[in-house]
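Chain by chain, the residues run as shown.
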Protein chains: 2
Amino acid sequence: MNAPDTRTAILDLAEELVRSRSFNAFSYQDLADGIGIRKASVHYHFQTKEDLGVALVERLRRQAVAWASSLMERNVSPLEKLDAYFEFQAESVSSKGMICPHGALGAEYNALPERVQESYIEFLEQIQTWLTSLLRKGQAQGVFVDNVPPEDQAALIQSAIQGALQLSRASGKQQRFYAVVKGLRDHVLRPAES
Amino acid sequence: MNAPDTRTAILDLAEELVRSRSFNAFSYQDLADGIGIRKASVHYHFQTKEDLGVALVERLRRQAVAWASSLMERNVSPLEKLDAYFEFQAESVSSKGMICPHGALGAEYNALPERVQESYIEFLEQIQTWLTSLLRKGQAQGVFVDNVPPEDQAALIQSAIQGALQLSRASGKQQRFYAVVKGLRDHVLRPAES
DNA sequence: GTCTATAGCGGGATAGAC
DNA sequence: GTCTATCCCGCTATAGAC
């Protein structure tokens, strides 16, 4: 896991710092110290912080696509896929006070360099699109409630997950995150007919 | 509305900047420029940025309590009170790219000065407590679904509102916020018996 | 690809005059 | 209560040796 090459090590640490402290609250010095090199060497790999931000968000986007694609290939129900998404996000809860990347960047959106903003929007839309298609499938198969547009369900899920990670980190109450997941599950799950 | 005194003007502008750019992405220079005074004068009112942060969050907390109290005194249904809360948050959506204060501060929680973190937690808990008691009343009156602890409903609502403001700002799609509110409403509202 | 050294700026903060 | 002036620090970024 640890640093096949310096460039990757920088991106890994940058991701950790963004998710724990935010983009504007870490420095090249932090990266250099954490990796054991000098500031100037970090600039060799990413000339400006904007470049670094773009590279990071692009990587996040590609990883998300890859994760989602491999999940979609598995022959499991939409509900199991949704649960896999929840579990993926839940990993943040227990790790070093990190929140999800889109939550971290979303809150300081106006203070991000321009090109980072642009990459970020694409990243967001990709998650949104994937979630929507998953929910649509679930509706079509009759396991999810279908009196609501899947886009709207997706927006609720993404918003709540993002907010819940932030809330449970600050409050120190991890169960709040799980309570939210449970609520979201109930919300999309078609109630058993009686 | 505009500046009864300098101290208030500073707090007003600081709140706007926190909600649009985040706490660590504005400076005393920004405050001074926006108000038309000098940096040193800002330091006269709030010696350190930590002091300013604490004062701001304390004010937000008091305002939230006052707002909630006056709402609770009105003789309207729990649903109307919940809707009033949604409408209050919705004001952010249309104003200058601002998100709610707890969302802005929550995402950079680990990068906040210590005493600001502490004030922030109290602020959060107060909102949470108020929302919970409102939801409990709604359950007791039979207008909200009651197969879920009101604490959990409150966590979902607060998380989703906070996340939805961030999401709709970055995506530029205000309707995503309203879609989330609609979803939350459906989620707590007891379905009409058939 | 990593280093030392440094430029240049903006940040938070203080001293002391008015 | 606001000002000018200044300090010191950490930040992003670059030049140039190894």
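Definitions and cut-offs
Residues numbered from 1 in each chain as written. Chains lettered and ligands numbered in written order. Predicted model: local features only at pLDDT ≥ 70, side-chain atom pairs only at ≥ 80, totals over all residues. Heavy atoms only, no water. Near = heavy atom within 4 Å. Polar contact = N/O pair within 3.5 Å; in protein donor to acceptor, adjacent residues only side chain to side chain. Helix = DSSP H or I, 4+ residues; strand = E, 2+ residues; numbered from the N terminus. Nonpolar A, V, L, I, M, F, W, Y, C, P; charged D, E, K, R; others polar. Least-squares fit on C-alpha atoms with pLDDT ≥ 70 in both. Buried < 20%, exposed > 50% of the residue type's maximum accessible area, 1.4 Å probe, protein only. Contact = heavy atoms within 4.5 Å. Core = buried A, V, L, I, M, F, W, Y, C linked by side-chain atoms within 4.5 Å. Salt bridge = Lys/Arg side-chain N within 4 Å of Asp/Glu carboxyl O. Expected span 1.5 Å × (residues − 1).

Chemist: An account of the protein's contact with DNA strand D is requested, with residue identities and associated values reported.
Modeler: Taken together, 17 residues lie near DNA strand D, and Lys39 and Lys49 of chain A together with Arg38, Ser41 and His45 of chain B sit nearest. Each atom of DNA strand D within 4 Å of the protein was assigned to sugar, phosphate or base; sugar and phosphate come to 61%. In this structure, Lys49 of chain A approaches DNA strand D through a main-chain N or O atom, which is 2.7 Å from a phosphate oxygen. Between a phosphate oxygen of DNA strand D and a side-chain N or O atom of His45 of chain B, the distance comes to 2.7 Å. At the level of secondary structure, the elements contributing two or more residues to the surface near DNA strand D comprise α2 (28-35) and α3 (39-45) of chain A together with α3 (39-45) of chain B. The greatest single-element share of the surface near DNA strand D, amounting to four residues, is contributed by α3 of chain B. Class assignment for the residues of the surface near DNA strand D results in six nonpolar, eight polar and three charged.

Chemist: Before we move on, can you summarise the relation of the copies chain B and chain A with the specific residues and values?
Modeler: Note that the two copies of the chain are related through a rotation about an axis and a translation along the same axis. By a simple turn and slide, chain B fits onto chain A: the slide is 0.0 Å along the axis, the RMSD is 0.0 Å, and the turn is 180 degrees. In the structure described here, the two chain copies are related by an operation that fits a two-fold rotation axis. No C-alpha of chain B lies nearer the rotation axis than that of Ala160 of chain B, which sits 1.9 Å from it.

Chemist: Describe in detail the side chain of Arg19 of chain A, supporting the description with residues and values.
Modeler: All names here are of chain A. Topologically, Arg19 is positioned in helix α1 (residues 6-21). Relative accessible area serves as the criterion here: at 13%, Arg19 is assigned to the buried category. Within the structure, the side chain of Arg19 is placed 2.6 Å from the side chain of Ser92, a separation counted as a polar contact. Filtering out sequence-adjacent residues up to four positions away, Arg19 remains in contact with Ser92, Gly97, Met98, Ile99, Cys100, Pro101, Ala104 and Arg169.

Chemist: Report on the nonpolar core, specifying residues and quantitative values.
Modeler: Counting 120 residues, the largest nonpolar core has Leu31 and Ile157 of chain A together with Leu31 and Ile157 of chain B as the members making the most contacts within it. Other than its neighbours up to four places away in sequence, Leu31 of chain A contacts Ile10, Leu13, Ala14, Leu17, Phe26, Val42 and Leu52 of chain A.

Chemist: Kindly report on the pattern of salt bridges, identifying the contributing residues and their values.
Modeler: Residues and elements named next belong to chain A. Enumeration according to the criterion identifies 22 salt bridges over all chains in this entry. Here Glu15 makes a salt bridge to Arg19, at a shortest N to O gap of 3.4 Å. One end of the pair is Glu15 and the other is Arg19, both in helix α1 and four residues apart, which spans about a single turn. The same class applies to Glu15 and to Arg19, which are both buried. A network of salt bridges, in which partner residues are shared, links Asp12, Glu15, Arg19 and Arg59.

Chemist: So what about helix α4 (residues 49-73) of chain B? Which residues, and what values?
Modeler: Residues and elements named next belong to chain B. Taking 1.5 Å of rise per residue, the 25 residues of α4 would be expected to cover 36 Å, and the 36 Å separating its terminal C-alpha atoms lies within 8% of that figure. Those residues of α4 that fall on the buried side of the exposure criterion are Leu52, Gly53, Val54, Ala55, Leu56, Val57, Glu58, Arg59, Leu60, Arg61, Ala68 and Leu71. On its buried face, α4 sits against α1 (6-21), α2 (28-35), α5 (78-93), α6 (101-107) and α7 (114-140).

Purely geometric numbers; function is a separate question.
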